[in-house]
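# Breakdown of the fold
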There are 2 protein chains.
Amino acid sequence: MGDKKKVLVTGMSGRVADVIRKHLGDRYELSGLDLVAAKGVPCTVADIADLDAIQPAFEGIDAVIHLGAAPKPRDPWEDVLNSNLIGTRNVYEAARVAGVKRVIFASSHHAAGYYPAKAEPYTTIYEGRIGEVRRPFRKLTPNDIRPSSYYGVSKAYGEALGSYFHDAFGLSIICLRIGWLTAPDDPTFSPAALSLYLSHRDAAQLFQKSIDAPVSVGFTVLNAVSDNTLSIWDIEETKRVLGYEPQDNAGEDWTPDPNAPPVM
Amino acid sequence: MGDKKKVLVTGMSGRVADVIRKHLGDRYELSGLDLVAAKGVPCTVADIADLDAIQPAFEGIDAVIHLGAAPKPRDPWEDVLNSNLIGTRNVYEAARVAGVKRVIFASSHHAAGYYPAKAEPYTTIYEGRIGEVRRPFRKLTPNDIRPSSYYGVSKAYGEALGSYFHDAFGLSIICLRIGWLTAPDDPTFSPAALSLYLSHRDAAQLFQKSIDAPVSVGFTVLNAVSDNTLSIWDIEETKRVLGYEPQDNAGEDWTPDPNAPPVM
């Protein structure tokens with residue numbers, strides 16, 4: 001255990017953390033931080049809105065994966081304010097005080113969620129009318145900011161705040177705009193997953209490479225989806241910066257369920 | 001008075017509001033909102049961190065100029081949280097509830113302030129070593145986000161939040177990344193002003209054109225400086241979207257004061 005990197009995961013009781021524990025639990029010495037204790041991992045039970053309460057969890061940590069948040073696009077302002085705006089500042093600040101070298105911030109495609117909702121060809125893709133998509137089309141990069149909710153705003157904010165903490169204090173911060181990571185690991189539940197799907201093993205690879213990336217990465221924002229043929233999310237920079245080699249593809253040759261839920 | 005547009009200015013007691021009152025006080029029916037009452041204008045005294053307290057000031061208003069904020073790059077987190085993160089959300093929300101059609105958000109060059117601090121040729125320009133500047137150089141656009149303080153982060157956040165309020169609720173929101181607007185109106189106090197200077201009359205023109213711009217502008221982020229020869233801030237989009245015709249230029253033919261204060 002002694003030679004393994006110590007990785008603190010905020011939001012350890014959530015869906016994404018489950019994937020990290022399953023795929024990376026042997027590779028790193030994981031610990032957790034959440035409002036409720038996670039099973040099978042040492043866990044600090046505290047609210048990230050309370051800086052003093054969470055500070056001890058950061059001592060001696062090599063890397064932090066910051067997943068903790070009000071996680072739903074429809075979460076109300078007050079929850080987003082406490083958990084995402086104040087909480088993310090506190091996580092960066094606690095990492096800074098503790099001398100943590102790397103923070104991986106779970107950003108989200110929702111930071112640019114209004115492009116898919118409002119513009120072609122994104123609307124056509126998200127509705128699964130694949131034959132109607134005119135190609136090539138411009139893919140979205142992390143320079144695209146168009147949040148579709150307070151939640152999405154909080155993710156764009158977490159990226160900007162990360163760049164400040166990097167420039168001002170030297171923390172290396174990697175922001176991953178995570179697509180749809182689902183349980184079970186199956187992209188066929190909605191046509192929008194043709195674009196947004198992030199398989200469990202591709203997610204695990206991204207987190208592993210983000211933990212182990214050289215300090216020279218500094219600060220970056222990267223799209224994080226699988227190698228989906230119909231993705232509207234550009235992952236060229238993700239491949240270049242992290243050496244990401246996605247293994248999965250949501251495909252394009254299945255017929256969407258006409259009763260599929262609407263795109264969030 | 002009846003035919004004049006009703007314009008509410010938050011932060012009415014501040015430096016930028018003085019310019020608005022002096023140059024645009026006859027053109028619009030101005031009212032103010034601030035922690036202390038401004039002279040010569042009807043003013044609601046309230047804290048923008050308190051949504052209920054500020055809501056009445058927004059009733060019947062045609063356009064809001066949102067200047068109110070913890071204004072200094074070194075303002076501590078708690079002040080930025082209350083006045084800039086919570087405050088800006090409350091201003092957009094109050095405008096939405098009251099049916100205001102246009103909000104002009106005073107963003108800041110500090111949203112990208114770390115470029116000047118860290119990269120050439122920006123450092124050379126900001127230090128006034130004009131003869132050493134290699135041209136052409138890439139100018140910064142509103143796509144560049146690299147905040148240099150919590151204050152700068154709050155400005156990038158206010159832009160992202162503005163795009164959400166536009167897309168979700170239909171408000172038209174124009175974000176102006178304001179450079180250095182000083183009292184007295186003189187760019188020669190620091191070499192950095194060669195790039196950052198925004199004269200009083202150019203600022204007044206920008207606010208006027210932002211108030212009167214057609215609803216079709218929707219949402220936009222624009223750099224707001226004078227036509228400075230050595231500006232690192234690209235104003236081509238500002239000219240295109242608003243018809244901005246800057247009258248002033250900080251110049252490039254003066255010798256900076258060797259005792260000038262450092263760049264913020």
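Conventions adopted
- Residues numbered from 1 in each chain as written.
- Chains lettered and ligands numbered in written order.
- Predicted model: local features only at pLDDT ≥ 70, side-chain atom pairs only at ≥ 80, totals over all residues.
- Helix = DSSP H or I, 4+ residues; strand = E, 2+ residues; numbered from the N terminus.
- Buried ≥ 20, exposed ≤ 12 C-beta atoms within 10 Å, placed from the backbone.
- Contact = placed C-beta atoms within 7 Å.
- Pairing = 2+ DSSP bridges.
- Axes fitted to C-alpha atoms, helices over the stretch in contact; angles between N-to-C directions.
- Nonpolar A, V, L, I, M, F, W, Y, C, P; charged D, E, K, R; others polar.
- Least-squares fit on C-alpha atoms with pLDDT ≥ 70 in both.
- Parallel < 35°, antiparallel > 145°, perpendicular 65-115°, else oblique.
- Left-handed = near helix turned anticlockwise from the far one by under 90°.
- Right-handed = clockwise from strand over helix to strand, strands pointing away.

Moving on, we come to the overall build of chain A. Within chain A, the secondary structure is distributed over nine helices and seven strands. Over its C-alpha atoms, taken along the principal directions, chain A stretches across nearly 55 × 35 × 35 Å. Within chain A, the proportion of its 264 residues that are buried is 52%. Here the analysis covers contacts within chain A between residues at least 6 apart in sequence; of these, 70% occur between residues at least 24 apart.

Residue and element names in this part refer to chain B. Pairing is parallel across the open sheet formed by seven strands, whose spatial order is β3-β2-β1-β4-β5-β6-β7. Edge positions in the open sheet fall to β3 (43–45) and β7 (219–224), since each of these has one partner strand only. Sheet twist, expressed as the mean angle between neighbouring strand axes with direction ignored, is 20°. Two elements, strand β5 (residues 102–108) and strand β6 (residues 172–178), share seven bridges in a ladder whose sense is parallel. Each residue of the ladder has a partner; that of F105, found in β6, is C175.

This part takes up the interface of chain A and chain B. Across the boundary between the two partners, chain A contributes 22 residues, which contact 22 residues of chain B. No other element matches helix α6 (residues 150–169) of chain A, which puts nine residues into the side of chain A that touches chain B. Of the residues in the side of chain A that touches chain B, the class split is 13 nonpolar, five polar and four charged.

Superposing chain A onto chain B takes a rotation of 180° plus a shift of 0.0 Å along the axis, which leaves an RMSD of 0.0 Å. The symmetry that links the two subunits is that of a two-fold axis. Among all residues of chain A, the minimum C-alpha distance to the rotation axis is found for Y157 of chain A, at 2.6 Å. Both copies share a contact surface, since 100% of the interface residues of chain A are interface residues in chain B too.

Residues and elements named next belong to chain A. One way to put it is that helix α3 (residues 77–98) packs onto α6 with a least axis distance of 10 Å and a crossing angle of 15°. One element, α3, and the other, α6, form an angle in the roughly parallel class. The handedness of the crossing between α3 and α6 is right-handed. When α3 is examined against α6, the residues W77, V80, N84, L85, T88, R89, Y92 and R96 are found in contact with a partner set consisting of Y150, Y151, S154, Y157, G158, L161, G162, F165 and F169. Tallied by class, residues from the contact of α3 with α6 come to ten nonpolar, five polar and two charged.

Before going further, it helps to examine the pairing of strand β2 (residues 29–34) of chain B. Residues and elements named next belong to chain B. Among the six residues that make up β2, five are buried, leaving the element largely enclosed by the rest of the structure. Relative to β2, strand β1 (residues 6–10) is paired through five bridges, and the arrangement is parallel. Bridging from a neighbouring strand, K6 pairs with E29 of β2. The β-α-β motif built from β1, the intervening helix α1 (residues 15–24) and the parallel element β2 has right-handed crossover chirality. Taken together, the three bridges between β2 and β3 define a ladder with parallel strand orientation. Its bridge partner lying in β3, L33 is registered against T44.

Residue and element names in this part refer to chain A. Look at helix α1 (residues 15–24) against helix α8 (residues 200–212): their axes get within 9 Å of each other, and the N-to-C directions meet at 80°. For the element pair α1 / α8, the angle class is roughly perpendicular. Taking contact as the criterion, the partners of V19, I20, H23 and L24 in α1 are, on α8, H200, R201, A203, A204, F207 and Q208. The class makeup of the residues in the contact of α1 with α8 is six nonpolar, three polar and one charged.

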